[in-house]
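Structure assessment
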Amino acid sequence: MTHPLFGRKGAGALALLVAVMLPLLSGDRYLLHVASLIGTYWVLIIGLNLIVGYMGQLSVGHVGLFAIGAYTVAIGSGVHGLSPELALVIAGVLGALCGFVLGVPSLRLPGFYFAMTTLGLSLIVGEVLVAQRDVTGGGAGLPVPGFSGPLATPSGLYLLVVGVAALISLVSWNITRLMWGRAMVSIRDSSVAAAAIGVPAGRVKLTLFTFSGFTAGVAGALFGALQSYVTPETFHFDLGLFFFICIVIGGKGSILGPFLGTVVLTLLPEVSASFAVVGHFLYALVLLFVVLLVPDGISSVLRWLIERFWPRPNPPTHRQLDLPLLASALRSPGS
Amino acid sequence: MKNPSISADFLPPLTVAAARSQKLAAVGITKKFGGLTALDNVSLDLARSTIHGLIGPNGSGKTSLLNMLSGYYVMDTGDVFCGGQNLSRVSVEDRVKHRIARTFQTPRLLGDLTSLDNVMSGAWSRTRSGFLASAFALPSARKEEREIRQHSEKLLKGLGLGELMNRRANTLEHGDQRFLEIGRALAMSPDYLLLDEPAGGLTDGEIAHLEEVIKVVRDAGIGVLLVEHHTDFVFRTCDEVTVLDLGKVIVHGKPAEVQNHEEVIRVYLGGTNASLAKN
Amino acid sequence: MLTVIITGLAIGSLYAAAALVYNLMYSSSKVLSVTTGHICMLGGVCGAYFIGVLKWPIIAGLLLSVAIGMIVGLLTEIVAVRRIVARSSDHLWILSTLAFGSIIQQTTLLAWGTEPRPFPRLIPQDYSAGMWDQKFWLPIVCTLGLAAAIHLFMHRTMYGKLFSAMSQDEFAARARGVPTERIRAASYAAAGGLGSIAGFAAGQLTYAYFAVGLMLTLNGFIALAVGGIGSNVGALVGGALLGVFTALASYYFGGEYQQTMCLGLLMLILLIKPSGLFGTREARPV
């Protein structure tokens, strides 16, 4: 779509370069770990952002898909000896299937009902993980093997995460700036308009839910490899709420906003030890603050700043029709 | 649901004619909301290259009929035909495939998107790019986007909104929003354009512009249904006019015939000899 | 077997009470507040703290717990609902009540601890009473009492009638001079107090535990949706149904799939009758 500033390829490439080099150059293992964590969260959030930010579907349950991704690698590779890379792909596919299932209720249920359903589904994943202890290790959890070869080192894993994140960000950006992006916004903002332009809301929703499930599954797999051990406790509702908050504070209809949100909210507990204890409390407080005062999030603040310092001239008050141009456009639509 | 391919002997004449013609037609529509009869055996033909006005006092059923044609309401009895096919049970989204576009009494725009994006969104039904083609920005998807963008830019400039192309739709003035919504409807390359009280809240200058735009749309081969309150605007602009009152059609014909028709005058002005042309 | 059903009815009555709280808040604001379950949880936690830890007399503990519930209910309205509803943005209230509910949960977590803690005995009774144990009967009696109180209030008092008028057509009520803003605030405070009583009464069943909040928000909503939003009879039936269903299913199939079964019941009912057993078609919020 027509973004004045955020959509430029140059800005994106530059940001990417900085992102990649900084933690590697620093040599700080802790920084590398945190950067990798931000990356894995971002892989999930960028898919979830399409669902929540662009399509307006309130899913707080994607943490369940995240868990499925992580456990797929733990079980597939750790227990059954599949190669971790194959397990990563399977995690994505499984995530996609479950994402599809998650999307089905959205076709019929109104907003609050759907949000509650996604909450329930994520809790069900938790229950299954604890109950099926023969497969999942129950409450004690499972170790997750890392990837092989050059990806076995922290730097290697970091580069993998960055690579996946960059690819999925590009894909996501493509979807939002082409016709599918407009169709998604119509579903979010005006179902009447969406119907009037012929958008098959059900099909679009299911497609996007499947895609977001794929990214969540892949993100979970990367997360599992990064943490090298997973338990059901890790995938509590609070984490699902965290993902959701990153998007809301980022602002709807934006990719940069939620990215900044993810970076800031992930870094906060790492920066301050006391924050880490009250982390979830402060996340909820931030959400409340944003919803009450800046409901359109960081991206709206950025937009306001841009318009403040680079204001556009007021449009002229007279409208000048160009009937011949209109007639020619009506005669030849071009497709 | 009547099947138009059944032998004509079994169908009333009006239905056969409607089924065979290239028109958007409502045939014998009746719709009750609880105890209220919104439409009572109403029929209306909208032909291509025509501007067909639909007027009537408040509550006469004008918008209900428009909603019936576009698929937002389902009738109790009667049918809607388009190009020979029975659309009565077809959903709103699927009617778009029959190239039926509409605007709304209050513009339903995507406020956070720019004017250009809003118009481009109207071309959704013409896109062929699937999800994966878009996801990987394949050349076919990018070409389609370019073509739609060029077409939409022409529509915007044609409608006088060229300077507002990159402004968010919710920052536009009311009049501009109305024209923007028409632009979105035209981006579909429709065969039929249903306008629901498009002159609402427009200045005289804007109404004059609207008249010119509607005529250009008609000349391009599109059938325009103009549901309106501004009766003088309707009589000036339309090729034919249908008048509704309390859910029934009371007269249909050319503007000159209709505006001097006794029944119409009685319904609007309460029984004087005054002609509606003085409105 | 009878014990299983009684257990089911007991936990079901807590779900029903949460559904009653949802209904009360919904009818004055058309908002389904995510804080509902957390307010009920506070009743249990506060009761355990005042009576169990501070050793206050039971009445004092009950009254203060109810007062806290009312305050939190009122705060929900002031902070999370009032401005949002005035701005009429479609689903923003889901986010604001979600945030406020999490704040309540996290505060409780920090202050009370991560582990469930026991709730004191309210009536002298030894622990061998089996299915006659007060931990089953207190919540059941309490919820029935609350439902009866709400019914009497709605139908027998002047304020109740004003409230009904407002919940059916807020615009008309305001046009007639009904102070809808104040009634909404009062209804949230009352709902908070009721939720707190219910949580207090069920404390011995659920233990004083911060995580009860989220569980009640979800299961209370399921009871509400099954019974039909806006119907208090539906809330009671929905809660009972949910409680007994999960208790029986746990008995036969093991107790590890509580949430799965609750959600399964919800999906089943939504498929058959989307507006709930006693719901009307308009009552679904979009």
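Throughout this description, residue numbers start from 1 for each chain and increase along the sequence as written. The order in which chains are written sets their letters, starting at A; the order in which ligands are written sets their numbers, starting at 1. Only residues with pLDDT of 70 or above have their local features reported here, since the model is predicted, and side-chain atom pairs are shown and tallied only from 80 upward, although totals for entire chains, interfaces and linings are computed over all residues.

Section: the overall build of chain B
Cut-off, in case you're wondering: Helix and strand assignments follow DSSP, with helices taken as H or I runs no shorter than four residues and strands as E runs no shorter than two, numbered in order from the N terminus. Put simply, a residue is buried when 20 or more other C-beta atoms lie within 10 Å of its own C-beta and exposed when 12 or fewer do; between those, it is partly exposed, and each C-beta is set from the backbone. Contacts here follow a simple rule: the backbone-placed C-beta atoms of the two residues must lie within 7 Å.
On a plain count of helices and strands, chain B comes out with eleven helices and ten strands. Here chain B holds 279 residues, and 49% of them are scored as buried. Taking the intrachain contacts of chain B between residues at least 6 apart in sequence as the baseline, contacts between residues at least 24 apart amount to 66%.

Comments concerning the overall build of chain A
Applicable threshold: This radius of gyration counts C-alpha atoms alone. The globule rule is 2.2 Å times how many residues there are, raised to the power 0.38.
Summing up its helical and strand segments, chain A has 15 helices and two strands in all. Relative to the globule expectation of 20 Å for 335 residues, the C-alpha radius of gyration of chain A, 21 Å, shows essentially globular dimensions. Principal-axis analysis of the C-alpha atoms places the extent of chain A at approximately 70 × 45 × 40 Å. Relative to its full complement of 335 residues, chain A shows a buried share of 51%. Taking as baseline every contact in chain A between residues at least 6 positions apart, the subset at least 24 positions apart corresponds to 79%.

Focus on the sheet that holds strand E5 (residues 85-86) of chain B
Residues and elements named next belong to chain B. The line we're drawing: Pairing between strands is defined by DSSP: at least two bridges between the two strands are required.
Strand order in the open sheet made by the four strands is E2-E1-E4-E5, with antiparallel pairing throughout. On the outer flanks of this sheet lie strand E2 (36-47) and E5, each paired with one strand and no other. Taken together, the two bridges between strand E4 (residues 77-82) and E5 define a ladder with antiparallel strand orientation. Its bridge partner being in E5, Phe81 is matched across the sheet by Asn86.

Observations regarding helix H7 (residues 174-187) of chain B
All names here are of chain B. Filter applied, for reference: To estimate the expected span of a helix, subtract one from its residue number and multiply by 1.5 Å.
With 14 residues, H7 should reach 20 Å at 1.5 Å per residue; the first-to-last C-alpha distance of 20 Å fits that figure. The buried fraction of H7 is high, at twelve of 14 residues. One or two steps after H7, the chain reaches Ser189, where phi turns positive at roughly 55°.

Notes on the domain arrangement of chain B
Residues and elements named next belong to chain B. This is how the line gets drawn: In this document the domain limits rely on a domain assignment from an automatic tool or a database.
Split into domains, chain B comes out as domain 1 (8-99 + 190-278) and domain 2 (111-185). For domain 1 and domain 2, the distance between their C-alpha centres works out to 28 Å. No other element matches the three residues that helix H8 (residues 204-219) contributes to the side of domain 1 that touches domain 2.

A short note on the sheet that holds strand E7 (residues 192-196) of chain B
Residues and elements named next belong to chain B. Note the following rule: Axis geometry follows a simple rule: fit a line to the C-alpha atoms, using only the stretch in contact for helices, then measure angles between N-to-C directions, giving values from 0 to 180 degrees.
Overall, mixed pairing links the six strands, which are arranged E6-E7-E8-E3-E9-E10 in an open sheet. Of all strands in the sheet, those with a lone pairing partner are strand E6 (100-102) and strand E10 (248-253), marking the two edges. Averaged over all pairs of adjacent strands, the angle between their axes in this sheet comes to 15°, without regard to strand direction. Summarising the sheet, E6 and E7 pair through three bridges and their orientation is parallel. By the bridge assignment for E7, Ala101 is matched with Leu193. The sheet strands contacting helix H2 (residues 62-70) are strand E3 (51-55), E6, E7, strand E8 (223-227) and strand E9 (240-245), and the helix crosses E7 at an angle near 150°. Of the strands in this sheet, E3, E7 and E8 are in contact with H8, which crosses E8 at around 150°.

Overview of the interface of chain C and chain A
Taken residue by residue, the interface counts 27 residues in chain C and 28 residues in chain A. Those elements that provide at least two residues to the side of chain C that touches chain A are helix H4 (92-112), helix H10 (212-227) and helix H12 (258-272) of chain C.

Observations regarding the interface of chain B and chain A
What counts is decided by this rule: In this count, Pro and Cys sit with the nonpolar residues alongside Ala, Val, Leu, Ile, Met, Phe, Trp and Tyr, while Asp, Glu, Lys and Arg are called charged and the others, Gly among them, polar.
Counting residues at the interface gives 53 residues for chain B, matched by 40 residues for chain A. The set of elements that each furnish at least two residues to the side of chain B that touches chain A consists of helix H3 (92-95), helix H4 (115-121), helix H5 (131-135), helix H6 (139-158) and H8 of chain B. Ranked by residue count, the leading element in the side of chain B that touches chain A is H6 of chain B, at ten residues. Of the residues assigned to the side of chain B that touches chain A, the class counts are 23 nonpolar, 15 polar and 15 charged.

Some points on the confidence of the model for chain B
Residues and elements named next belong to chain B. For clarity, the threshold we go by: Looking at any residue, its pLDDT shows the predictor's confidence there, from 0 to 100.
The pLDDT averaged across chain B works out to 87; a share of 89% of its residues lies at or above 70. Taken element by element, the predicted model of chain B shows its lowest mean pLDDT in helix H1 (residues 13-20) (56) and its highest in H4 (96). Here residues 1-9 is modelled with pLDDT under 50, and outside its nearest four sequence neighbours on either side it reaches twelve contacts, counting other chains as well. Note on residues 271-275: pLDDT is under 50 here. Beyond four places in sequence and across chains, it has five contacts. Here the prediction assigns the complex a pTM of 0.90, and the interface score ipTM is 0.88.

Side note on the nonpolar core
Test applied: For this analysis, nonpolar core means a set of buried Ala, Val, Leu, Ile, Met, Phe, Trp, Tyr and Cys residues linked through C-beta atoms within 7 Å.
Of all hydrophobic cores here, the largest spans 275 residues; its most connected members are Leu20 and Val21 of chain C. If one sorts the elements of this core by residue count, helix H1 (residues 2-29) of chain C sits on top with 15 residues. When residues of this core are assigned to domains, at least three fall in each of domain 1 (8-99 + 190-278) and domain 2 (111-185) of chain B. Leave out the neighbours within four places in its chain, and Leu20 of chain C touches Leu146, Ala147, Ile150, Leu194, Asn232 and Ala235 of chain C.

Considering the pairing of E9 of chain B
Residues and elements named next belong to chain B. Across four bridges, E3 lies against E9 in parallel orientation. Of the residues in E9, the one forming a bridge with Ile55 is Val243. Where E9 folds back on E10, the antiparallel hairpin that results is connected by two residues, among which Leu246 adopts a positive phi of roughly 50°.

Some words on the environment of Ala256 of chain B
Turning to its location among the elements, Ala256 of chain B is positioned in helix H10 (residues 255-259). Each C-alpha atom, one on Ala256 of chain B and one on Leu132 of chain B, is 55 Å from the other, the two residues being 124 residues apart in sequence.

Here's the deal with the packing of H1 of chain C against helix H8 (residues 180-201) of chain C
Residues and elements named next belong to chain C. Note the cut-off: Oblique is the label for every angle not falling under 35 degrees (roughly parallel), over 145 degrees (roughly antiparallel), or within 65 to 115 degrees (roughly perpendicular).
Two elements in contact, H1 and H8, have axes separated by 9 Å at closest approach and are oriented at 175°. On the basis of their axis angle, the class for H1 and H8 is roughly antiparallel. Only Ile183, Arg184, Ser187, Tyr188, Ala190, Ala191, Leu194, Gly195 and Ala198 of H8 make contact with H1, whose side of the interface consists of Leu14, Ala17, Ala18, Leu20, Val21, Leu24, Met25, Ser28 and Ser29. A per-class count over the contact of H1 with H8 returns 13 nonpolar, four polar and one charged.

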